[in-house]
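Per-entry structural report
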Amino acid sequence: MGIADNIEKIKKELPSDVKLVAVSKFHPVESIEVALAAGQAVFGENRPQEFEKKALALSGRGIEWHFIGHLQTNKLKMVLPYADLVQSVDSLHLLEAIDKWGKDNGKVIPVLLEMHVAAEETKQGLYEEEILDILFRADSFKNVAFRGLMGMATNTDDEGVVRADFARIKDFFDYVRDLFPEYSGFTELSIGMSGDWRIALESGATIVRIGTAIFGERS
Ligand SMILES: *Cc1c(COP(=O)(O)O)cnc(C)c1O
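These remarks concern the structure in this document. (Residues numbered from 1 in each chain as written. Predicted model: local features only at pLDDT ≥ 70, side-chain atom pairs only at ≥ 80, totals over all residues. Heavy atoms only, no water.)

1. Some words on unusual backbone geometry
- Even without a glycine there, the phi angle at Phe26 is positive, about 70 degrees.
- Along the polypeptide, Phe26 turns up in the loop between strand 1 (19-23) and helix 2 (29-37).
- When its relative accessible area of 36% is taken as the criterion, Phe26 is described as partly exposed. (Helix = DSSP H or I, 4+ residues; strand = E, 2+ residues; numbered from the N terminus. Buried < 20%, exposed > 50% of the residue type's maximum accessible area, 1.4 Å probe, protein only.)

2. Examining the side chain of Ser203
- Here Ser203 shows up in the loop between helix 8 (197-202) and strand 8 (207-210).
- For Ser203, the contacting residues outside a window of four places in its chain are Phe166, Lys170, Leu189 and Ile191. (Contact = heavy atoms within 4.5 Å.)

3. A look at the site of the ligand
- The environment of the ligand is made up of Val23, Lys25, Ile68, Met152, Met193, Ser194, Arg209, Ile210, Gly211, Thr212 and Arg218.
- At a separation of 2.7 Å, an oxygen atom of the ligand approaches a polar side-chain atom of Lys25.
- Residue Arg218 places a side-chain N or O atom 2.8 Å away from an oxygen atom belonging to the ligand.
- Contact with the protein chains removes 90% of the 390 Å² of surface that the ligand exposes when unbound.
- Residues of the shell around the ligand, tallied by class, amount to five nonpolar, three polar and three charged. (Near = heavy atom within 4 Å. Polar contact = N/O pair within 3.5 Å; in protein donor to acceptor, adjacent residues only side chain to side chain. Areas by Shrake-Rupley, 256 points an atom, 1.4 Å probe, with all protein chains shown as cover. Nonpolar A, V, L, I, M, F, W, Y, C, P; charged D, E, K, R; others polar.)

4. What to know about the pairing of strand 2 (residues 42-45)
- Alternating residues of strand 2 divide into Val42 and Gly44 and Phe43 and Glu45, and every residue in both groups is buried.
- Note that strand 1 and strand 2 share two bridges and pair parallel. Note on strand 2: the bridge partner recorded for Val23 is Gly44.
- This β-α-β element, strand 1 to helix 2 to strand 2, shows right-handed connectivity. (Pairing = 2+ DSSP bridges. Right-handed = clockwise from strand over helix to strand, strands pointing away.)

5. Here's the deal with the packing of aromatic side chains
- For the structure on display, the rule yields nine aromatic pairs.
- Measuring from ring centre to ring centre gives 6.1 Å for Phe43 and Trp65, while their planes differ by 50 degrees; the resulting arrangement is tilted. Placement of Phe43 in strand 2 and of Trp65 in strand 3 (residues 64-67) is noted, with a sequence separation of 22 residues between them.
- Here Trp65 falls in the buried class, since its relative accessible area comes to 5%.
- Note that Arg47 overlies the ring of Phe26, its terminal NZ or CZ placed 3.8 Å from the centroid. (Phe/Tyr/Trp six-rings, centres within 6.5 Å; stacked < 30°, edge-to-face > 60°. Lys NZ or Arg CZ within 6 Å of the ring centre and 35° of its normal.)

Following this line, the structure appears as structure tokens:
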């Protein structure tokens, strides 16, 4: 099946209030063009250089760009001018740098805090305590808008493990929203990729990030 068919099929299964981010990393601008023509307007990239190149090549096309990868503080200028949402804030250091960039450039950057949930040691992310520490002083980050949480489940075929990972992040998301009712914009839960997005929907996802199931395997 082609890109347009894949998007149509996924959209049919997605509730209208769940946002589909088409993860176009490693795929050419032409593939994004095909998805755009099929009505997909939200795209995600995970490498700063590639992100900037594509954002510039497709500027003025009405794309909502999400950055979803690890971001080093020396690469902010490749990402922050174009990103409508930075989903992958995985350290206090990065958050402080984004806030400073926002201050220097007169912008408020919408972000998700990436929560460490998966079992793999390599997975990036903030621990629950770190997220709470940040949110308790959210007012001090004047150039950041906290929009919610992002997480990745353990990379496994064991559906029970994936469900447990998603349940943990959803429970924490609910806890945080109860704790900080004044942060009315903290509404997004970005969980679910090609292999587990149906489970993520059952677990309360408001955003799913799907690459392979739309664009095919990455080379
Ligand atoms: C690559 C990537 C995805 C999409 O992965 P697929 O399995 O191809 O759908 C989603 N989220 C993040 C953070 C990614 O890096």
